[in-house]
Amino acid sequence: PKTRLPVPAAVSAATAAVYADSAEDRVSSLSQVSGVLGSQWGDEGKGKLVDVLAPRFDIVARCQGGANAGHTIYNSEGKKFALHLVPSGILHEGTLCVVGNGAVIHVPGFFEEIDGLESNGVRCDGRILVSDRAHLLFDLHQAVDGLREAELENSFIGTTKRGIGPCYSSKVTRNGLRVCDLRHMDTFGDKLDVLLKDAASRFQGFKYSKSVLKEEVERYKRFAERLEPFIADTVHVLNESIQQKKKILVEGGQATMLDIDFGTYPFVTSSSPSAGGICTGLGIAPRVIGDLIGVVKAYTSRVGSGPFPTELFGEEGDNLRKAGMEFGTTTGRPRRCGWLDIVALKYCCQINGFSSLNLTKLDVLSGLPEIKVGVSYNQADGQKLQSFPGDLDTLEQVQVNYEVLPGWQSDISSVRSYNELPQAARRYVERIEELVGVPVHYIGVGPGRDALIYK
Ligand code: GTP
């Protein structure tokens, strides 16, 4: 069912018949702890919504992943920023950014990002806190990532080779190093030695020597000093902030279809980008979490390997890729593109309990004579599947049943109110709402901050 906020008095009756809220109402009514999560295979445009909402929150927090996220946002002067580990809230002076315990941190990369922001006039000092419990991602993890992908040859995962998976592996095998270990340089070298030796015993191509270890320890001694002002017990900070009624926005990286548990395993990321990851990655209780906004592109894209039932090939796929500029922010890799997959989206909505959706890149579909939506899957034997399958063999063989909706021919990138969208575009939005049972509250019609319709 659609949830509607009260209609502001200033909105005319004609307008109110179609969209009930002003942008102000939409944003200011969000709960004390809210989140923005990806609901496809990533790159849905989460960064832009976080950036738009951030000024209304005291804190913006990342709970999982590392520099494998690649949010692209534009500041008020239209300047483009590609953020990786630093939360998108950094572009707003009054916002505190938190990198939680569930994230993994490549310290040199973190400083590079900060240097880049500061050289563009964005002040970072005292505005970013890094959890003392977060795991450290070393160059060795990046090397292992590359070696592992090379070893997998044809069945490679298609990782960003940023070492995220190997770092989470170290965490789970319990020999990882955490940010708090930087405060104990006397034992840091021995712990790092275990990781290096592990990698060398597993991969022939991994070069290990005592001098590599010594150099790395020296480098980290310098990093430890520079990182110290950023280190905090973020579990304590966040829970205290909740007590003090401060507003926290959780910025998801990647997406549910890439979740280590719920995604298309093994073609997934190594963390939990779905709702559960907020609790484990920040140390806050489930009952404090309020609104969760699922970000969904008006079509689907996916980077790397793995099944993609509604994928478009040939000219159709190329056209969508070009129109949507679907090339990775972090790696530049062309993204695979296809129609919107309602079966996968419903599955994401179930897992996360989204209170609303942000439909992004609706403008990219302008000009198409018709738009298809994948509404159900049939198995190879013709039987309809009741849910999104966990077994990839089943998923690879599904036949997608499509609904065909009329397209619209006009450019919608300068439209700012729901009423002004062409009727076919509104029909598309409303059909998605009907099919998934979650209201669309935000519609993206362009990359800029202002190119957003509040519904
Ligand atoms: P990940 O965490 O890597 O998944 O990042 P993300 O979800 O924030 O997506 P990312 O920023 O990498 O990609 C989205 C791209 O689409 C960026 O270039 C945005 O500027 C752009 N974008 C966002 N919303 C819209 C929109 O409504 N229309 C158009 N045309 N572009 C958009």
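Residues numbered from 1 in each chain as written. Predicted model: local features only at pLDDT ≥ 70, side-chain atom pairs only at ≥ 80, totals over all residues. Heavy atoms only, no water.

S.K.: Can you help me understand the nonpolar core in this one?
M.R.: The nonpolar side chains of a soluble globular protein tend to be buried with one another. L362 and Y428 are the most contacted members of the largest nonpolar core, which totals 72 residues. In terms of nonpolar packing, the next biggest core, distinct from the first, is built from 44 residues, I90, I105, L182 and V217 among them. (Core = buried A, V, L, I, M, F, W, Y, C linked by side-chain atoms within 4.5 Å. Buried < 20%, exposed > 50% of the residue type's maximum accessible area, 1.4 Å probe, protein only.)

S.K.: Please explain the packing of aromatic side chains as it appears in this structure.
M.R.: Two measures describe an aromatic ring pair: the distance that separates the ring centres and the angle between the ring planes. One pass over the full model with this rule turns up 13 aromatic pairs. Here the aromatic rings of W41 and F308 are separated by 5.8 Å at their centres, their planes lie at 35 degrees, and the arrangement is tilted. Taken as a pair, W41 in the loop between β1 (33–38) and α3 (46–53) and F308 in the loop between β12 (300–302) and α11 (314–323) lie far apart in primary sequence, 267 residues in all. Taken together, F110, F111, F138, F188, Y220, F223 and F230 form an aromatic cluster joined through their ring pairs. Here the basic side chain of K372 rests over the ring of Y402, its NZ or CZ set 5.5 Å away from the ring centre. In this structure, K455 packs its charged tip against the face of Y418, placed 5.2 Å from the ring centre. (Phe/Tyr/Trp six-rings, centres within 6.5 Å; stacked < 30°, edge-to-face > 60°. Helix = DSSP H or I, 4+ residues; strand = E, 2+ residues; numbered from the N terminus. Lys NZ or Arg CZ within 6 Å of the ring centre and 35° of its normal.)

S.K.: I'm lost on the sheet that holds β1 in this one. Help?
M.R.: Hydrogen bonds between backbone atoms are what pair the strands of a sheet, whose relative direction is either parallel or antiparallel. Here 10 strands make up an open sheet; going across it, the order is β9-β7-β5-β2-β10-β1-β11-β15-β18-β19 and the pairing mixed. Since the sheet does not close on itself, it has two edges, and those belong to β9 (231–232) and β19 (452–454), each with one partner. Relative to strand β5 (residues 96–99), strand β2 (residues 59–62) runs parallel, the two sharing four bridges. By the bridge assignment for β5, V60 is matched with C97. (Pairing = 2+ DSSP bridges.)

S.K.: What is the right way to look at the pattern of salt bridges in this model?
M.R.: One side chain can pair with another of opposite charge once the charged atoms of both are near each other. All chains considered together, the criterion is met by 24 salt bridges. K210 is the partner of D193 in a salt bridge, and the nearest nitrogen-oxygen pair spans 3.2 Å. One end of the pair, D193, is in helix α7 (residues 185–202); the other, K210, is in helix α8 (residues 210–227), and 17 residues separate them in sequence. A relative accessible area of 51% places K210 in the exposed class. The salt bridge partner of E434 is R427, with a shortest N-O separation of 3.7 Å. The exposure class of R427 is partly exposed, given its relative accessible area of 36%. Salt bridges linked by common partners bring D43, K297, E326, R335 and K361 together as one network. (Salt bridge = Lys/Arg side-chain N within 4 Å of Asp/Glu carboxyl O.)

S.K.: In this structure, what is going on with unusual backbone geometry? I would like to understand it.
M.R.: Trans is the common state for peptide bonds, and a negative phi is the common state for residues other than glycine. Of note, the amide linkage connecting Y265 to P266 takes the cis form, showing an omega dihedral of 5 degrees. The residue P266 is located in the loop between β10 (248–251) and α10 (276–282) in this model. Backbone geometry at Q254 places phi at a positive 50 degrees, although glycine is not the residue there. Position of Q254 relative to the elements: it lies in the loop between β10 and α10. Taking relative accessible area as the criterion, Q254 reaches 10% and is therefore assigned buried. One non-glycine residue with positive phi stands out, namely M325, at about 50 degrees.

S.K.: Is there a simple way to explain the confidence of the model for the protein in this structure?
M.R.: Fine structural detail should not be taken from predicted coordinates in areas where pLDDT scores are low. Counting all residues, the mean pLDDT for the protein is 90, and 93% of those residues have values of 70 or more. Residue range residues 1–20 is modelled with pLDDT below 50. Its contacts to residues more than four positions away, or to other chains, number 34 contacts. Overall fold confidence for the complex sits at a pTM of 0.91, while the interface term, ipTM, reaches 0.95. (pLDDT = per-residue confidence, 0-100. Contact = heavy atoms within 4.5 Å.)

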